[in-house]
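Summary of structural features
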Amino acid sequence: MQGGCLSKQEVCADLSGRYVVAKCIIGNRALLVVGVYGPNYDNPSFYYNLSTWLQKWADLLQLWGRDPNCVLNPNRDRLSGPSRVARGLTKISSREGMFDVWAHRCPTILGYTHYSKDDNGVVWSDAASVVEKFHDYYMDLYKSRSQFCEAAVIDYLTYIAMSLLTDDHRERLMVPLRPEEIRVALAGMPAGKAPGTSGLTIAFYEAYLDMLIPHPVTLFEEMAADGCMPPIIREALLMWFY
């Protein structure tokens, strides 16, 4: 904020880094700012410990920024019942007079809930129907919208303004792929990413690099000889969390 009108008075934080509670002064008014990232397992003691800190500043207006990793309204957000964490957080919210701004201002909008709406405006909530609509949506999304026309492709490439490769660059591009190029490519990829549908991350490839390198070299040599990529290279893995 500008003008130095925001000042921090006191801060407490979870040792695991899952919440930060700060008493601040904005203008002449005290405010409690709470940042929370809840555990992704049913751990009601997390919010119990947090609530003990909140009791210390019970008289202050609270502003929460939170990802609770749980569902507070099972009828709206999912089909299963609330977890113990959700019940504990709901109790804290009720006691402190807190509410979800989005749900409060937009009580009838279901776009960010487990309900799915099709192109006809029909809302689906049972798992089987949602999976079916999800499948249909992505089948249509990835469907090719154009028909291949070799003459049109040749015409486009003939008249497009493109830089020309030098003879030296052309010769370098035509040489067979070297194992060292695979090493350089893997070294430049971000850690934790999985380059294929197997789910194996870069760390796996780095750990077994010498054993694995011959396989992508062979793959690219076959692609160069055939002039196309194998079907598995063109596949994508879509995961839906319900």
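Residues numbered from 1 in each chain as written. Predicted model: local features only at pLDDT ≥ 70, side-chain atom pairs only at ≥ 80, totals over all residues. Heavy atoms only, no water.

**What about the overall build of the protein?**
When its secondary structure is counted, the protein shows 11 helices and 6 strands. Per-residue burial over the protein gives 20% buried out of 242 residues. Restricting the contact set of the protein to residue pairs at least 6 apart, pairs at least 24 apart contribute 48%. As displayed, the protein has an accessible area near 18,300 Å², and 57% of this comes from carbon and sulfur atoms. (Helix = DSSP H or I, 4+ residues; strand = E, 2+ residues; numbered from the N terminus. Buried < 20%, exposed > 50% of the residue type's maximum accessible area, 1.4 Å probe, protein only. Contact = heavy atoms within 4.5 Å. Areas by Shrake-Rupley, 256 points an atom, 1.4 Å probe, with all protein chains shown as cover.)

**Digging into the packing of helix H1 (residues 44-56) against helix H3 (residues 84-96)**
For the pair H1 and H3, the least separation of the axes is 8 Å and the interaxial angle reads 20 degrees. Our classification of the angle between H1 and H3 gives roughly parallel. The handedness of the crossing between H1 and H3 comes out as right-handed. Here H1 contributes Pro44, Tyr47, Ser51, Leu54 and Gln55 to the contact with H3, which in turn contributes Arg84, Val85, Leu89, Ile92, Arg95 and Glu96. Split into classes, the residues belonging to the contact of H1 with H3 amount to 6 nonpolar, 2 polar and 3 charged. (Axes fitted to C-alpha atoms, helices over the stretch in contact; angles between N-to-C directions. Parallel < 35°, antiparallel > 145°, perpendicular 65-115°, else oblique. Left-handed = near helix turned anticlockwise from the far one by under 90°. Nonpolar A, V, L, I, M, F, W, Y, C, P; charged D, E, K, R; others polar.)

**Some details on the packing of aromatic side chains**
Inspection of the entire model under this criterion finds 6 aromatic pairs. Note on tyrosine 19 and phenylalanine 46: the rings are 5.7 Å apart at their centroids and 65 degrees apart in plane angle, and the pair reads as edge-to-face. A residue pair is termed long-range when its members are at least 10 positions apart, and tyrosine 19 in strand E2 (residues 19-26) and phenylalanine 46 in helix H1 qualify at 27 residues. Owing to a relative accessible area of 5%, tyrosine 19 belongs among the buried residues under this scheme. The exposure class assigned to phenylalanine 46 is buried, which follows from its relative accessible area of 7%. (Phe/Tyr/Trp six-rings, centres within 6.5 Å; stacked < 30°, edge-to-face > 60°.)

**Quick word on the pattern of salt bridges**
For the coordinates displayed, the defined rule picks out 6 salt bridges. Here aspartate 168 and arginine 172 are joined by a salt bridge, their closest N and O atoms 3.7 Å apart. Of this pair, aspartate 168 and arginine 172 both sit in helix H7 (residues 167-174), 4 residues apart, which is roughly one turn of the helix. Judged by relative accessible area, aspartate 168 falls into the partly exposed class, the value being 44%. Here arginine 183 and glutamate 180 are joined by a salt bridge, their closest N and O atoms 3.9 Å apart. Placement of both arginine 183 and glutamate 180 in helix H8 (residues 179-187) is noted, with a separation of 3 residues, approximately one turn of the helix. Look at arginine 183 and you get partly exposed, because its relative accessible area is 31%. Glutamate 180 sits in the partly exposed class, given a relative accessible area of 44%. (Salt bridge = Lys/Arg side-chain N within 4 Å of Asp/Glu carboxyl O.)

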